[in-house]
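# Topology and contacts: notes
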Amino acid sequence: SSAPSPIPATLFPGDGIGPEIAEAVKQVFQAAEVPIEWEEHYVGDRIDPRTQSFLTWESLESVRRNKVGLKGPMATPIGKGHRSLNLTLRKELNLYANVRPCYSLPGYKTRYDDVDLITIRENTEGEYSGLEHQVVRGVVESIKIITRQASLRVAEYAFHYAKTHGRERVSAIHKANIMQKTDGLFLKCCREVAEKYPEITYEEVVIDNCCMMLVKNPALFDVLVMPNLYGDIISDLCAGLIGGLGLTPSCNIGEGGIALAEAVHGSAPDIAGKNLANPTALLLSAVTMLRHLELNHKADRIQNAILTTIAEGKYRTADLGGSSSTTDFTKAICGHL
Ligand code: NAD
């Protein structure tokens, strides 16, 4: 029998440490014999008038066509007259949910060893609608927009995710006691969706209480779904619980089933080109991409090889207290495959 044809996926190596950690992903995928064929796209050096950004139209088309992709960090170029790269991706691909799995890495000691939660952030509206203005001197206004459509869409994604990933509980995070209309509508939409998933326990937690509970005992949570600003803050809080930027993956979900995985961290200009970066966050992001494609067997194998390498402690990058280079750490992971 012939081998199944490879699945095309878009790869943006990105800026700074991006190409180094993207290379690590390519090598690990090769060692694990993952049936993915990368279509590489780079950030351009001039503005593409069709996207008003340094990202070309062709690169966006590649994601639309493949429906899956992996993105390295992109440094925001300075200057006027163009859209930020991340904003362009979010708007053009309608990336409405940002999903961040957050679990304790066995073998890398932090304050907690039982974190296993998922934050799901609404990514298109809320306080990030970009509607700010001055009313009169000394008074400014920022408009928070919550729509039924976007709230239902992210709630639906959260419950579907819970159901398909063996999760038991969804917590909606809010401040509806103060933001009665906006967060009130968000909660109403979550409740409506919850009714369709009787097998999933649904609860509502006020954001301030949620922060206290997360810091005291993160094991209290399973899947958390929330509006944009709360998601921005809570997901970073959760990253801090398990060891920081070098380790935390994420995946952006867009209209029509698009999944664009990315590390949470930036381009790390201070260590770029020095073979020092920790590729774990991008590798684990690539693992979320494989799970999205239901290549769970490959995802498990790669995840185990990463965790085993970190737990053994012989090869660790500097951010985890070791002295290994990116390439040696990557080789060690490939060795475990
Ligand atoms: P950063 O995440 O790049 O760096 C913060 C610190 O964490 C630095 O000390 C860096 O060395 C370290 N670090 C980050 N990732 C690491 C890794 N994988 N291994 C080891 N150490 C790592 O944040 P920044 O310095 O604020 O941003 C730099 C650039 O990245 C900016 O242009 C910013 O706009 C961009 N950025 C892009 C994204 C994205 O593409 N999603 C996200 C954040 C920042």
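As the structure is a computational prediction, the values presented were derived from the model and not from experiment.

## Focus: the overall build of the chain
Along the chain, the regular secondary structure elements total 10 helices and 12 strands. Its C-alpha atoms give the chain a radius of gyration of 20 Å, near enough to 20 Å, the size a compact globule of 337 residues would have. Expressed along its principal axes, the backbone C-alpha trace of the chain runs to roughly 55 × 50 × 45 Å. When the 337 residues of the chain are sorted by exposure, 50% land in the buried category. Taking the contacts inside the chain whose residues are at least 6 apart along the sequence as the reference set, 73% of them involve residues at least 24 apart.

## Here we look at the nonpolar core
The biggest cluster of nonpolar side chains holds 67 residues, and the ones touching the most others in it are Phe29, Trp38, Leu70, Ile120, Val225, Met289 and Ile302. Core analysis: the second largest hydrophobic core is formed by 17 residues, Leu117, Val205, Phe221 and Ile234 among them.

## Looking at the site of the ligand
Met74, Gly266, Ala268, Asp270 and Asn278 are the nearest of the 20 residues found near the ligand. Backbone polar atom of Ala268 to an oxygen atom of the ligand: 2.7 Å apart, as the coordinates give it. Within the backbone of Asn278, an N or O atom sits 2.9 Å from a nitrogen atom of the ligand. Here the ligand, which alone exposes 810 Å², has 66% of that area covered by the protein. Residue composition of the shell around the ligand, grouped by class: 10 nonpolar, six polar and four charged.

## Regarding the pattern of salt bridges
In total, this model carries 25 salt bridges according to the counting rule given. The partner of Lys26 in a salt bridge is Glu23, with the nearest N and O atoms 3.7 Å apart. Of this pair, Lys26 and Glu23 are both found in helix H1 (residues 18–31), three residues apart, which corresponds to roughly one turn of the helix. What makes Lys26 partly exposed here is its relative accessible area of 23%. With a shortest N-O distance of 2.8 Å, Arg64 and Glu61 are connected by a salt bridge. Placement of the pair is Arg64 and Glu61 together in helix H2 (residues 57–66), with a separation of three residues, close to one helical turn.

## Describing the packing of aromatic side chains
Going through the model one piece at a time under the given rule, you end up with five aromatic pairs. Judged by centre distance (5.4 Å) and plane angle (35°), the rings of Phe29 and Trp38 are tilted. For Phe29, a relative accessible area of 3% corresponds to the buried category. Site record: aromatic cluster; members linked through ring pairs are Tyr96, Tyr157 and Tyr161. The ring of Tyr128 carries Arg121 above its face, with NZ or CZ at 5.4 Å from the centroid.

## Section: the UniProt feature "domain: Isopropylmalate dehydrogenase-like" (unreviewed entry) in the chain
Per the UniProt annotation, the sites labelled "domain: Isopropylmalate dehydrogenase-like" (unreviewed entry) are residues 6–333. Across residues 6–333, helical content stands at 38% and strand content at 21%; the span's end C-alpha atoms are separated by 23 Å.

Definitions and cut-offs
- Residues numbered from 1 in each chain as written.
- Predicted model: local features only at pLDDT ≥ 70, side-chain atom pairs only at ≥ 80, totals over all residues.
- Heavy atoms only, no water.
- Helix = DSSP H or I, 4+ residues; strand = E, 2+ residues; numbered from the N terminus.
- Rg over C-alpha atoms; globule rule 2.2 N^0.38 Å.
- Buried < 20%, exposed > 50% of the residue type's maximum accessible area, 1.4 Å probe, protein only.
- Contact = heavy atoms within 4.5 Å.
- Core = buried A, V, L, I, M, F, W, Y, C linked by side-chain atoms within 4.5 Å.
- Near = heavy atom within 4 Å.
- Polar contact = N/O pair within 3.5 Å; in protein donor to acceptor, adjacent residues only side chain to side chain.
- Areas by Shrake-Rupley, 256 points an atom, 1.4 Å probe, with all protein chains shown as cover.
- Nonpolar A, V, L, I, M, F, W, Y, C, P; charged D, E, K, R; others polar.
- Salt bridge = Lys/Arg side-chain N within 4 Å of Asp/Glu carboxyl O.
- Phe/Tyr/Trp six-rings, centres within 6.5 Å; stacked < 30°, edge-to-face > 60°.
- Lys NZ or Arg CZ within 6 Å of the ring centre and 35° of its normal.
- UniProt positions renumbered as here; feature names shortened; annotations may be inferred.

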